[in-house]
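Breakdown of the fold
The lines below spell out each chain.
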Amino acid sequence: MPLSKHDYLDELRWRGLLHQATDEAATARHLTEGRHIYCGFDPTADSLTIGNLVPLMMLVHAQRAGHRPVVVMGGATGLIGDPSGKSAERTLQTREMVESNLHGQRRIFERLLDMTGPQGAIITNNLDWIGKLSFIDALRDVGKHFSVNVMIQKEAVRERLTNREQGISYTEFSYQLLQAYDFLHLRRELGVTVQVGGSDQWGNIVAGGDLVRRVIGEEVFGVTAPLVAKADGGKFGKTESGAVWLTADRTSPYAMYQFWLNADDRDVPRFLRIFTLLPRADVDGLIDVHAQDPGARTAHRALARAATALIHGDDEAQAAEKAASALFSGDVTSLPEATLREAFAEAPSSDHSRALLGGEGVALIDLLVETGLAKSKRESREFLANGSVSVNGRKVGPDDRLTPGHLLHEGLIVLRRGKKNWHLTRWS
RNA sequence: GGGGGCGUGCCUGAGCGGCCAAAAGGGGCGGACUGUAAAUCCGCUGGCGUAUGCCUUCACAGGUUCGAAUCCUGUCGCCCCCA
């Protein structure tokens, strides 16, 4: 199989995606030929978050380097629950839930990975093989190769064993057996020899490698990426409105664009390397510009554009960018109607009767509550008094009312509360 | 089996009969400054139609008292020491 000029490990290394590898020299040698590289994703939700993007990028780079990526959707493991990195036992998901989550996540893999050609990604579901395993088979064929003494040493388990309040169930304790069995199965059936994942997966990956060696006496390899942390110490991937998801139904392209654009200066270089596919020269150039004048936010914009395009496609990224610059240009009034409607395509909006604008007009205090920009009249009053609210880009006070004079393009009024909470009202 | 301690608002954590909707910090939300940043500063942070006001909170259920987060009894949960 032809390999691209980019060496996989080197690529991961400069991008900051390489945390540890099993016998790095041997792994590097192994990767001089095209291999099958796998990563597992448990269907804990019907989408994936930006945090899951890290291991996903490892597969993307594998493919670009000439290897064949194999996605293992955890149809079986998702029913059990991975204790790695979790401080408490989780409630079991129903089979239906796992099943539907699987479908939700599949579209993301298909979008980010090339599904065609000899290097086309393979998407599998470990329920297909784990589901066939009987309890007796599991204990004899898998369990016999594991030492409980070793299992309880794993970080994911150890912490829970010493923690009286939490403990760990036999179910979650067994998780590593299943993931190890995945590796064995994939080695046998698809010739998969490398597993990648986040650093929290190291224990599971090693367990898989051990199993393969014991059963078929062959060496397999593992590579992990570091945990992505934010410069300010906060948890990566969270915003005021919760996690940032990779599908538009949960996080709009616009919201994702904003997420990247608002990245801390210090995080931008790293994010450019990890979350975009921009070539090294471009990245280095951007980092340079960024260091000279972070205020210009050239690198922020490039990051937001590239990362959003990677997930949602070029068109969506472009639209998000246009909307962002329109909204934050300050003067909403001068925007053409089409741009305005486009910019607010994803923002909350509401319809109102135009007749209300006549006479005394509509009190903003009430409207803020109606539109959800404020939770109660009391809060509404507070925001207005603080000068947090603007109508069509102009600040308003507690006693202001909306009249026909506020209408843009014969029927639109733009409300904003705080810096980033927009709402479009339509009047007809 | 015996003995001791703890359970407060989103989180940490003071309060230990009235001055308590409850200190302080964190977080969150607004504002100023800026670059839709960081740092800093200011305000808000149980709910309520605008309040020298009303309602609901200090694990839960009762009780004592003019009055309880604060005292008593029981229940639940957790921690520690001895055996």
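The notes below deal with the structure included here. (Residues numbered from 1 in each chain as written. Chains lettered and ligands numbered in written order. Predicted model: local features only at pLDDT ≥ 70, side-chain atom pairs only at ≥ 80, totals over all residues. Heavy atoms only, no water.)

If you walk through the whole model with that rule in mind, you get eight aromatic pairs. Measuring from centroid to centroid gives 5.4 Å for Tyr 38 and Phe 183, while their planes differ by 70°, and the two rings are edge-to-face. In this pair, Tyr 38 sits in strand E2 (residues 36–41) while Phe 183 sits in helix H11 (residues 175–190), placing the two residues 145 residues apart along the sequence. This pair shows no difference in class: Tyr 38 is buried, exactly as Phe 183 is. For the ring pair Phe 344 and Trp 422, a centre distance of 5.9 Å and an interplane angle of 70° mean the geometry is edge-to-face. Here Phe 344 is found in the loop between helix H18 (337–343) and strand E9 (349–352), whereas its partner Trp 422 is found in strand E15 (residues 421–427), with 78 residues between them in sequence. A connected cluster of aromatic rings, assembled from ring pairs, spans Phe 259, Trp 260, Phe 271 and Phe 275. Against the face of Trp 245 rests Arg 250, its NZ or CZ located 4.1 Å from the ring centre. (Phe/Tyr/Trp six-rings, centres within 6.5 Å; stacked < 30°, edge-to-face > 60°. Helix = DSSP H or I, 4+ residues; strand = E, 2+ residues; numbered from the N terminus. Buried < 20%, exposed > 50% of the residue type's maximum accessible area, 1.4 Å probe, protein only. Lys NZ or Arg CZ within 6 Å of the ring centre and 35° of its normal.)

Turning our eyes to something else, we now look at the sheet that holds strand E5 (residues 192–198). On the basis of which strands lie adjacent, the open sheet formed by six strands has the order E1-E6-E5-E2-E3-E4 and mixed pairing. The open sheet is flanked by strand E1 (20–21) and strand E4 (122–125), the only strands paired with a single partner. Across six bridges, E2 lies against strand E3 (residues 68–73) in parallel orientation. Paired with Phe 41 across the strands is Met 73, a residue of E3. Across the face of the sheet, helix H3 (residues 53–64) comes into contact with E2, E3, E5 and strand E6 (221–225) while running at roughly 160° to E2. On top of the sheet, helix H12 (residues 202–216) reaches E1, E5 and E6; it is set at about 175° to E6, its chief contact. (Pairing = 2+ DSSP bridges. Contact = heavy atoms within 4.5 Å. Axes fitted to C-alpha atoms, helices over the stretch in contact; angles between N-to-C directions.)

Per the stated rule, a full pass over the model turns up 20 salt bridges. In this structure, Glu 11 engages Arg 15 in a salt bridge whose closest nitrogen and oxygen atoms are separated by 2.8 Å. On the criterion of helical spacing, the pair formed by Glu 11 and Arg 15 is a turn pair, its members being four residues apart in helix H1 (residues 8–15). The two residues Glu 11 and Arg 15 agree in class, both being buried. A salt bridge links Arg 13 to Glu 24; its shortest N-O distance comes to 2.7 Å. Taken as a pair, Arg 13 in helix H1 and Glu 24 in helix H2 (residues 24–30) lie far apart in primary sequence, 11 residues in all. Its relative accessible area of 35% is what places Glu 24 among the partly exposed residues. Here the salt bridges do not stand alone but share partners, grouping Asp 10, Arg 13 and Glu 24 into one network. (Salt bridge = Lys/Arg side-chain N within 4 Å of Asp/Glu carboxyl O.)

Moving on to a negative patch on the surface. Residues Asp 314, Asp 315, Glu 316 and Glu 346 make up a contiguous surface patch of negative charge. Considering the arrangement of structural elements, one finds Glu 346 in the loop between H18 and E9. (Patch = residues over 30% accessible without salt bridge, like charges linked within 9 Å, V, L, I, M, F, W, Y side chains within 5 Å. Areas by Shrake-Rupley, 256 points an atom, 1.4 Å probe, with all protein chains shown as cover. Lys, Arg positive; Asp, Glu negative; His and termini not counted. Charge placed at Lys NZ, Arg CZ, Asp CG, Glu CD.)

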